[in-house]
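Spelled out from the first residue to the last, the chains are:
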Amino acid sequence: MTMEKKVTLSEAEIPRQWYNIQADMPNKLAPALHPGTMQPLKAEDLAPIFPMELIKQEVSQERWIDIPEEVVEKYRIWRPTPLVRAYGLEKALGTPAKIYYKNEGTSPAGSHKVNTAIPQAYYNKQAGITRLTTETGAGQWGSSISLAASFYDMECKVYMVKVSYHQKPYRRSFMKIFGADVIPSPSNLTEAGRSLLAKDPDSHGSLGVAISEAVEEAAGRADTNYALGSVLNHVILHQTVIGLEAKKQLEKLDAYPDVIVGACGGGSNFAGIAFPFLKDRFNGGKVRAVGVEPTACPTLTKGTFAYDYGDLGKLTPLTKMYTLGHNFMPSGIHAGGLRYHGESALVSQLYHDGFIEGRAYNQQEVFEAALLFARTEGLVPAPESAHAIQGAIVEALAAKEAGEARTILFCLSGHGHFDMGAYDRYFAGDLQDVPCGAQDLAASLESLPNV
Ligand SMILES: *Cc1c(COP(=O)(O)O)cnc(C)c1O
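What counts, and at which threshold
- Residues numbered from 1 in each chain as written.
- Predicted model: local features only at pLDDT ≥ 70, side-chain atom pairs only at ≥ 80, totals over all residues.
- Heavy atoms only, no water.
- Phe/Tyr/Trp six-rings, centres within 6.5 Å; stacked < 30°, edge-to-face > 60°.
- Buried < 20%, exposed > 50% of the residue type's maximum accessible area, 1.4 Å probe, protein only.
- Helix = DSSP H or I, 4+ residues; strand = E, 2+ residues; numbered from the N terminus.
- Lys NZ or Arg CZ within 6 Å of the ring centre and 35° of its normal.
- Near = heavy atom within 4 Å.
- Polar contact = N/O pair within 3.5 Å; in protein donor to acceptor, adjacent residues only side chain to side chain.
- Areas by Shrake-Rupley, 256 points an atom, 1.4 Å probe, with all protein chains shown as cover.
- Nonpolar A, V, L, I, M, F, W, Y, C, P; charged D, E, K, R; others polar.
- Pairing = 2+ DSSP bridges.
- Right-handed = clockwise from strand over helix to strand, strands pointing away.

### A closer look at the packing of aromatic side chains
By the definition in use, this model includes 17 aromatic pairs. Their ring planes at 65 degrees and their centres at 5.4 Å tell us that Tyr122 and Tyr123 sit as a pair that is edge-to-face. For Tyr122, a relative accessible area of 9% gives the class buried. Aromatic pair Phe305 and Tyr322: ring centres 5.0 Å apart, planes at 20 degrees, arrangement stacked. Of this pair, Phe305 sits in strand S12 (residues 304–309) while Tyr322 is found in strand S13 (residues 318–323), placing the two residues 17 residues apart along the sequence. Classification of Phe305 by relative accessible area gives buried; the value is 17%. One aromatic cluster is present, built from ring pairs that chain together Phe367, Tyr423, Tyr426 and Phe427. Over the face of the ring belonging to Tyr152 we find Lys74, whose NZ or CZ atom lies 6.0 Å from the ring centre. Lying over the aromatic face of Phe277, Lys247 brings its terminal NZ or CZ to 5.6 Å of the ring centre.

The structure is reproduced here in structure tokens:
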């Protein structure tokens, strides 16, 4: 047993392969469907917006997929990320549990999203693409893909959800440093944006409509592809570097988690940290995996497991996932990265099959958890990551109640240095708990396609 505060790995220990859970999950994914024909999607259907290497990864059944050396070279800028023991938080909670967190906030854009931005930009560049379009909610993904596109001399256009565009001006500045063109969404540059604005001129926007705008533009131009920061199988594949590193780090401490906690937006950081451990669960291991979401956007805990579109404009393929309905408009909570109506197909299937648990928490308790973490561990978390902290605290208090030595691992998906506006509003008492209205939910679930 060691008393070390953190475990760092050497650059030589950066994983050289990503882990593909599709090889091991007991029930395979239902096929994605073409939005026009409702028939199972073919590789060529995705070719207008994604490079072939990423399409292959999307459907691959290979357990291990090599990380290109050029991508590892970029990962070296900040990987491996530290695994830290939250002694201060443990003490404040008076819990016998051991709490570890994997700090993805050390990346150059401040979150785990760069883990996939770099390989996505790399494979697009290899395929001869010169422009990328994307959406961004809170701005972390836009920052990550802007940075990655600039590494490979590509142009980048980011449709940023309007509520975040106004709440987080410095995220816009960050993207501009890397040369990106940032547009508030809904915009009047696309059919999808114009049609929403016609119905709701004051729309806050949502990831669902921003995705429609970015896909529409990419589909219409040969030099342009689309990049998505979460949800898709290839994104989750890239994020497994988090869990693979964490596993090596815990091994150095002779430790293994009883429970893994992550904030769940589209599911990528949670899956990234949890999937390499769930591999052991399929072989008889006992690790639990808990995905945490906001009560305002409770995809896992209140959603339906059904085929749905990934976007408001119905341009994306349909996947079978937990969804609140593609029409769902979450309120303008301060965890912009968790305001998505759907959930990754992989996380959804594994949740459905009982390998994953879901929890939903309110803004107030999540910000209280963020402050406790900041004041005990010295790091200011992103509001999204604070959901994972709250989930870890609940686990640690349950362990205390039960007098049980529980090992908890959570993903600190990003830092909150661009989220001071949200913290200020919390201090001003302006943050309301916004439950998800049963009526709104029923209405948006009615929009589910009949497949
Ligand atoms: C985007 C984001 C999330 C949510 O997205 P996932 O795909 O669910 O990981 C969580 N935390 C941070 C810091 C993010 O930037």
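What follows continues from the structure just given.
### What about the site of the ligand?
If you check the shell around the ligand, you find 18 residues, and the closest are Lys113, Ser230, Ser268, Asn269 and Ser413. Between the ligand and Gly266, the relevant distance is 3.1 Å, taken from an oxygen atom to a main-chain nitrogen or oxygen of the residue. Measuring from a nitrogen atom of the ligand, one finds a side-chain N or O atom of Ser413 at 2.7 Å. Protein contact buries 98% of the 380 Å² of open area that the ligand shows by itself. Put simply, the parts of the chain that give the shell around the ligand at least two residues each are helix H12 (268–282) and helix H16 (383–402). Of the residues contributing to the shell around the ligand, the split by class is three nonpolar, 13 polar and two charged.

### A short note on the pairing of strand S7 (residues 155–161)
Of all seven residues that make up S7, six are buried, and the element is covered over most of its length. Summarising the sheet, strand S6 (residues 131–136) and S7 pair through six bridges and their orientation is parallel. Opposite Arg131, over in S7, you have Glu155 as the bridge partner. In this fold, S6 hands off to helix H6 (residues 140–151), which returns the chain to S7; that crossover is right-handed. Pairing analysis gives five bridges linking S7 to strand S8 (residues 181–185), with the strands arranged parallel. Its bridge partner being in S8, Val161 is matched across the sheet by Ser185.

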